[in-house]
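# Topology and contacts: notes
Residues per chain are reported as follows:
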Amino acid sequence: MSKIVLMTCFLLLSMFTLGTTQSVEVFGYYEPQYMGVILNDEYSQSFSNKLRIDLQSTEIENITFAANFDYITYHGRTDWNLLEFFPDDISDQVPAIFYALYDFSYADTLFLDNAYLKMAFSKFDLTLGKQQISLGT
């Protein structure tokens, strides 16, 4: 687990708990996933568990602070090579020296998905922070 992520989590939680905790909303969800694969006549299983914690504070009028943390664990088969999923006539074209380029692994992760400050003014809203760009209206 990254020290930066831990320090960010601690800092954000401290900010919320130093203020009045009545204005902090804590919510989120748990999402288990399962994948079964039959590959080369062999059955493999892969599982993941995702825990998302969302924090939101509206302590100050017209200002919202929000943060979202995701923690994902992986179980079962976590190491894969993409060449295993292609027919032999395609994967045989890849020189053996390049096989490692097609390897990928799932590793447990903890990350800060969003952290932003939203300020509402009479003519516009301003949002600053780490966030996804939404394609829509």
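Treat the numbers as computed from the prediction; the structure is a model and nothing was measured. (Residues numbered from 1 in each chain as written. Predicted model: local features only at pLDDT ≥ 70, side-chain atom pairs only at ≥ 80, totals over all residues. Heavy atoms only, no water.)

Quick look at the pairing of strand β1 (residues 24-39) now. Each regular strand displays side chains that alternate between the two surfaces of the sheet. The pairing of β1 with strand β2 (residues 42-57) spans 16 bridges and is antiparallel. Within β2, the position partnered with Met35 by the bridge is Ser46. Where β1 folds back on β2, the antiparallel hairpin that results is connected by two residues, among which Asn40 adopts a positive phi of roughly 55 degrees. (Pairing = 2+ DSSP bridges. Helix = DSSP H or I, 4+ residues; strand = E, 2+ residues; numbered from the N terminus.)

Next up on the list: the environment of Phe111. Structurally, the position occupied by Phe111 is in strand β6 (residues 109-120). Judged by its relative accessible area of 29%, Phe111 is partly exposed. (Buried < 20%, exposed > 50% of the residue type's maximum accessible area, 1.4 Å probe, protein only.)

All chains considered together, the criterion is met by five aromatic pairs. Considering the side-chain rings of Tyr74 and Tyr106, the 5.0 Å spacing of their centres and the 25 degrees angle between planes classify their relative orientation as stacked. Of the two residues, Tyr74 sits in strand β3 (residues 63-76) while Tyr106 sits in the loop between β5 (103-105) and β6, which places them 32 residues apart along the sequence. Given a relative accessible area of 36%, Tyr106 falls into the partly exposed group. Ring centres of Phe121 and Phe124 lie 5.0 Å apart, and the angle between their planes is 35 degrees; this geometry places the pair in the tilted category. Classification of Phe124 as partly exposed rests on a relative accessible area of 47%. By the ring-pair criterion, three or more aromatic residues cluster together here, those being Tyr74, Phe104 and Tyr106. When the ring centre of Trp80 is taken as reference, the NZ or CZ atom of Arg77 above it lies at 4.0 Å. (Phe/Tyr/Trp six-rings, centres within 6.5 Å; stacked < 30°, edge-to-face > 60°. Lys NZ or Arg CZ within 6 Å of the ring centre and 35° of its normal.)

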